[in-house]
Amino acid sequence: MFTYVLKRLLYAIPIALSVTVVSFVLVYLAPGDPLNAIAPADAPAEVIEALKSAYGLDRPVPVQYGLWLLRAVQGDLGTSIASGRAVTGEVMSAVSNTLLLAGIAAFGGVLVGCVLGAVAGYRHGTWVDRVATILSVVGVSIPHYWLGLVLTIVFSIWLGWFPAMGAGPGGSSEWLWDAGHFKYLVLPALTLSVIPMGIITRTVRALVSDMLEQEFVVALRARGLSGHAVFRHIAKNTAPTVLAVAGLQIGYLMGGSILVETVFAWPGTGFLLNTAIFQRDIPLLQGTILVLCMFFVVLNLVVDILQPLIDPRMGRG
Amino acid sequence: MKHTSKQLSRWLATLSLVFTLHAGLHAETVARYGISMADIPLTTGQPDRGAGAYQFTGHTLYDPLVAWEANVGNRPGKLVAGLATQWKADPKDNKKWLFTLRKGVKFHDGSEFRADAVIWNLDKVLVDKSPQFDVKQSAQVRPRIPSVASYRKVDDYTVEITTKEVDALFPYQLPWFLISSPSQWEKLGKDWSKVAVQPSGTGPFKLDKLVPRERADLVKNVAYWDKNRMAKTDRIVLVPIPDAMTRVNALLNGQVDIIETPPPDVLPQLKSSGFKLVQNVTPHVWPYHFSTQPGSPWTDIRVRKAANLAIDRDAIVKLMGGLATPAKGQVDASNPWFGKPTFKLGYDLPAARALMAEAGYSQAKPLKAKVIIAQGGTGQMLSLPMNEFIQQSLAEVNIQVSFEVVELENLYLHWRSGAKADMNASKGISAINLGYVTADPFYAITRFADSRYVAPNGVNWGGYSNPKVDAALDKIRTTFDVKMQDSLLAMVHQTMVDDALMLWVVHDVNPHAMSPKVKEFIQAQHWFQDLTTIRM
């Protein structure tokens, strides 16, 4: 097991390094000038040149990358060109907000997806199955942005049950776990949870209905095992696949959704990325992309480690 | 006993009513303002994010030496005394300007405003070797005060600023230059990032709370020096909501009381729900800026005039839900710099077709031109639908326009480089569509009409050059009488219109939507707005 974990950890290093290269280069490939974020559009050439020099943008790109990587491995992601604030602080604050939102959305999406999928799998071909399938197809297909707006119009403007935007009455820095703050989470979390819910429902349904027709289930039933006991066996056998799919979905959620966070003005990583892209704030963009990619890397690592714990056959390979 | 107890309960009830009324009278008034920016603009002294940001963290927290009158809405504002009570050019040497400073003004941190603070602030943005130099603040304001050559303290309440050459319009540059407290910077360890959270100016509001990207709370400065500009609301909460629909939802839901730029298609809903719409003449124009460089299809004035006559501007205003006014020139017709152009912008297809025919173009031989446009962004209004409308309108008069669509940030690069630059010329781009701020003489007229500012020396993008205009602009620089300045500017403007320097389409009206809880908000005819006028 130790060797397995070590191997996975070592694999993560070149992946992370590639991520840094890609995130750095991609930003430079995009058209536009990062100095537009800080200089007026008609700033004269000498002001632009002075700014380039002040922010080190006059150096060759490989040199900029080297210096950035050197600082990044020490936990310093530089300073945002647009705001002048430390990127590490900006990203961490946004990450904590996204974790809060994505955590709730992932919990809701995976839980509902598992339940709906299991029920549909057990009731294969019945109206329950059809309803669950329709729900999952709608969940996967519906545009986030549109759903967020519709939910806001219904539950926020017409019914007045939930706020239309924001991360709490005093902002995310004053977040409290009470009803007054929790209601700010409901609509964005619901919007975000729909896709993982749809995907997990489809996955679980397919696995369960397939599993129910396998010989070992027939054998278990022939031995006189109760429905609960059979379900336990099915759950254990479907878990590794569900875990892998859920891991990916949670990764997407942790990455923040640019559209959902913008619709709800939720100050998470998606909102931050959106701002950074439009302002060509290179350090902020690079820092955010790096941290988000590392989320995926770490999450995949965790899934890779968890899978053999659930199904020891996977660790042997 | 029963009587006494009844009397006592009456007294208690009255007392509680008095207390309630008293508390009600002194309850803090709060206005929550949904702004269209993604973050709170810089709070250290010079706001970033353009002219529109000055109303939020500029002229609220700080004051300039010479201010812009932004608390009137029924006429264009003018320059008024700020931290300087008087300013005048030295009659012996017109390059020297003497500023008499206001006495008894204190920064929010309690330190006194004197000449040293002015010099310190000028060093802060102009001298990169000074300890307080801040590259971010400098980037914002240095291009706005290009005339400053040197400066010195004459005494505690007098400052002398020398301009690079005689520039009678120099005072117009000063509302951009805001004065922050040197003491506060010292007190906070000479760290601008700390000053951003605890800024100190002399303005009508103090910053009470800052949560980056989420909110900034401005509270009334009860000790503000200008009693005519005391804030009418105790607290203004600025909430960045970049998405237009989200801003509208927040307003409808009651999370904010005022929003900027509601999208045109929701106006009927807002109005029918009892929300107010406030708009005004705004120094902005949405044009096609033509290239007049050799080889450009727009070098022929008949073609430029035909384009101006081919657009049904009223229809575009309708497309914008009424959130625009038809352009008659670079500035609004009510502006003192408008003048009396002989070429009247309007919708006259027969006249436009005749001009095109005279220039040698027809349906069989249309004029072809490429225009670079942005897909959207600040100041661009409804960029794509408006451009498509113009494309179809110009086709009616045998002008076939194709578009090079880029992001706004990229469009700025093409703009700064000028029509002659390879990035434009090699692609055959002969016009650019960019919303222009036209707030002061330089921004409205000089930078586009003066041949000294032909790109890349400035943003005379198309290379317009008219010796008569150049001579008038030179004369303005040495004319210190404001009325004479206005009449010369009017002469330049009317020449620009008569030369059809651009295809002027509409002016923005800077719309705001607000809940009935907002009792008063005076919208100035400017990008600088005065938030002290908000009354709840």
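Residues numbered from 1 in each chain as written. Chains lettered and ligands numbered in written order. Predicted model: local features only at pLDDT ≥ 70, side-chain atom pairs only at ≥ 80, totals over all residues.

Next up on the list: the overall build of chain A. Check the secondary structure of chain A and you find 13 helices and zero strands. Taken from N to C terminus, the helices and strands of chain A fall in the order α-α-α-α-α-α-α-α-α-α-α-α-α. Counting only C-alpha atoms, chain A reaches 85 × 55 × 35 Å along its principal axes. For chain A, with 317 residues in total, the buried portion stands at 40%. A fraction of 74% describes how many contacts in chain A between residues 6 or more apart in sequence connect residues 24 or more apart. (Helix = DSSP H or I, 4+ residues; strand = E, 2+ residues; numbered from the N terminus. Buried ≥ 20, exposed ≤ 12 C-beta atoms within 10 Å, placed from the backbone. Contact = placed C-beta atoms within 7 Å.)

So, about the overall build of chain B. Looking only at helices and strands, chain B has 17 helices and 20 strands in total. For 536 residues, the compact-globule formula gives about 24 Å, and the C-alpha radius of gyration of chain B, at 26 Å, lands near that figure. (Rg over C-alpha atoms; globule rule 2.2 N^0.38 Å.)

Listed by partner, the interface residues are 37 residues for chain B and 37 residues for chain A. Residues belonging to the side of chain B that touches chain A are distributed by class as follows: 17 nonpolar, eight polar and twelve charged. (Nonpolar A, V, L, I, M, F, W, Y, C, P; charged D, E, K, R; others polar.)

Glancing now at the sheet that holds strand β5 (residues 96–101) of chain B. All names here are of chain B. Within the open sheet, the four strands sit side by side as β4-β5-β7-β6. Their pairing is antiparallel. Strands with a single pairing partner mark the edges of an open sheet, and in this sheet they are β4 (84–89) and β6 (148–155). Pairwise comparison of adjacent strand axes, ignoring direction, gives a mean angle of 20° for this sheet. Pairing of β6 with strand β7 (residues 158–163) involves six bridges; the strand directions are antiparallel. Within β7, the position partnered with Ser 150 by the bridge is Thr 162. On the sheet, helix α3 (residues 115–126) packs against β5, β6 and β7 and is oriented at approximately 160° with respect to β6. (Pairing = 2+ DSSP bridges. Axes fitted to C-alpha atoms, helices over the stretch in contact; angles between N-to-C directions.)

Turning next to the confidence of the model for chain A. The predicted model of chain A has a mean per-residue pLDDT of 85, with 96% of residues at 70 or higher. Of all helices and strands in chain A, the one with the weakest mean pLDDT is helix α13 (residues 312–316) of chain A (64), whereas helix α6 (residues 144–158) of chain A scores best (92). (pLDDT = per-residue confidence, 0-100.)

It is worth spelling out the sheet that holds strand β10 (residues 235–240) of chain B at this point. Residues and elements named next belong to chain B. The mixed open sheet is built from seven strands, whose spatial order is β8-β9-β10-β1-β11-β20-β12. Pairing within the sheet leaves two strands with one partner each, and these edge strands are β8 (205–211) and β12 (276–278). If you compare each strand with its neighbour and ignore which way they point, the axes differ by 20° on average. Examined bridge by bridge, β12 and strand β20 (residues 512–514) share three bridges and lie antiparallel to one another. By the bridge assignment for β20, Val 278 is matched with His 512.

Residue and element names in this part refer to chain B. For β10, the tally of buried residues reaches five of six residues, placing the bulk of the element in the interior. Inspection of the sheet shows strand β1 (residues 30–35) paired to β10 by six bridges, in the parallel sense. Considered in β10, the bridge of Val 30 is made with Arg 235. Here four bridges tie strand β9 (residues 215–220) to β10, and the two strands are oriented antiparallel to one another. Bridging across to β10, Ala 216 finds its partner in Leu 238.

Residues and elements named next belong to chain B. Along the chain, the position of Pro 341 falls in the loop between β14 (324–326) and α11 (349–358). Look at Pro 341 and you get partly exposed, because 19 C-beta atoms sit within 10 Å. Separated by 153 residues in sequence, Pro 341 and Gln 494 place their C-alpha atoms 4.4 Å apart. For Pro 341, the residues in contact, after removing those within four places along its chain, are Gly 329, Gln 494, Val 497 and Asp 498.

Our focus in this paragraph is α11 of chain B. Residues and elements named next belong to chain B. Restricting attention to buried positions, one finds in α11 the residues Ala 352, Leu 355 and Met 356. Considered in projection along α11, the buried side chains sweep an arc of 100° and stay on one side of the axis. In α11, those exposed residues whose orientation departs by more than 90 degrees from the buried face are Pro 350 and Glu 358. Next to the buried residues of α11 lie α9 (301–309). (Arc of directions from axis to C-beta.)

Residues and elements named next belong to chain A. Where helix α9 (residues 227–254) meets helix α12 (residues 282–310), the closest approach of the two axes is 10 Å, and the angle between their N-to-C directions is 165°. When the axes of α9 and α12 are compared, the pair comes out roughly antiparallel. The chirality of how α9 crosses α12 is right-handed. Together, Ala 239, Pro 240, Leu 243, Ala 244, Gly 247, Ile 250, Gly 251 and Met 254 of α9 and Phe 295, Phe 296, Leu 299, Asn 300, Val 303, Leu 306, Gln 307 and Ile 310 of α12 make up the contact between the two elements. For the contact of α9 with α12, the per-class residue count stands at twelve nonpolar, four polar and no charged. (Parallel < 35°, antiparallel > 145°, perpendicular 65-115°, else oblique. Left-handed = near helix turned anticlockwise from the far one by under 90°.)

Residues and elements named next belong to chain B. By the criterion of burial, β1 is predominantly enclosed, with five of the six residues buried. Bridge count for β1 against strand β11 (residues 258–260) is two bridges, and the pairing is parallel. Paired with Gly 34 across the strands is Ile 259, a residue of β11.

Attention shifts here to the nonpolar core. Ile 200 of chain A together with Tyr 33, Ile 236, Leu 238, Ala 306, Val 492 and Val 505 of chain B are the most contacted members of the largest nonpolar core, which totals 221 residues. Per-element tally for this core: the top contributor is helix α7 (residues 179–212) of chain A, with 13 residues. Those residues within four positions of Ile 200 of chain A in sequence are excluded, and the remaining contacts are Gly 109, Val 110, Gly 113, Cys 114, Gly 117, Val 242, Val 245, Ala 246 and Gln 249 of chain A. Counting five residues, the second largest nonpolar core, distinct from the first, contains Leu 42, Trp 185, Val 195 and Ala 196 of chain B. (Core = buried A, V, L, I, M, F, W, Y, C linked by C-beta atoms within 7 Å.)

Okay, the environment of Leu 277 of chain B next. All names here are of chain B. Positionally, Leu 277 belongs in strand β12. Using a count of 16 C-beta atoms within 10 Å as the deciding quantity, one classes Leu 277 as partly exposed. Separated by 16 residues in sequence, Leu 277 and Thr 261 have C-alpha atoms that sit 10.0 Å apart. Beyond its immediate sequence surroundings of up to four residues, Leu 277 is in contact with Leu 267, Leu 270, Lys 271, Pro 511 and Ala 513.

This brings us to the packing of α6 of chain A against α7 of chain A. All names here are of chain A. Where α6 contacts α7, the axes come no closer than 10 Å and their chain directions differ by 145°. For the pair α6 and α7, the sense of crossing is right-handed. Across from His 144, Leu 147, Gly 148, Leu 151, Thr 152, Phe 155 and Ser 156 in α6, the residues of α7 making contact are Leu 187, Leu 190, Thr 191 and Val 194. Its residues placed into classes, the contact of α6 with α7 shows six nonpolar, five polar and no charged.

Turning to its location among the elements, Leu 273 of chain A is positioned in helix α11 (residues 269–279). For Leu 273 of chain A, a count of 23 C-beta atoms within 10 Å gives the class buried.

Turning our eyes to something else, we now look at the confidence of the model for chain B. Of the residues in chain B, 95% reach a pLDDT of 70 or more, and the chain-wide mean stands at 91. Interface confidence for the predicted complex, expressed as ipTM, amounts to 0.81; the pTM equals 0.84.

Residue and element names in this part refer to chain B. Here the amide bond leading from Ala 455 into Pro 456 is cis, since omega sits at 10°, within 30 degrees of zero. Structurally, Pro 456 is set in the loop between α15 (441–449) and α16 (467–477). With a phi angle near 30°, Thr 261 is a residue other than glycine that sits in the positive phi range. Summarising the element assignment, Thr 261 is placed in the loop between β11 and α8 (267–272). Residue Thr 261 is classed as buried on the basis of its C-beta count, with 21 C-beta atoms lying within 10 Å.

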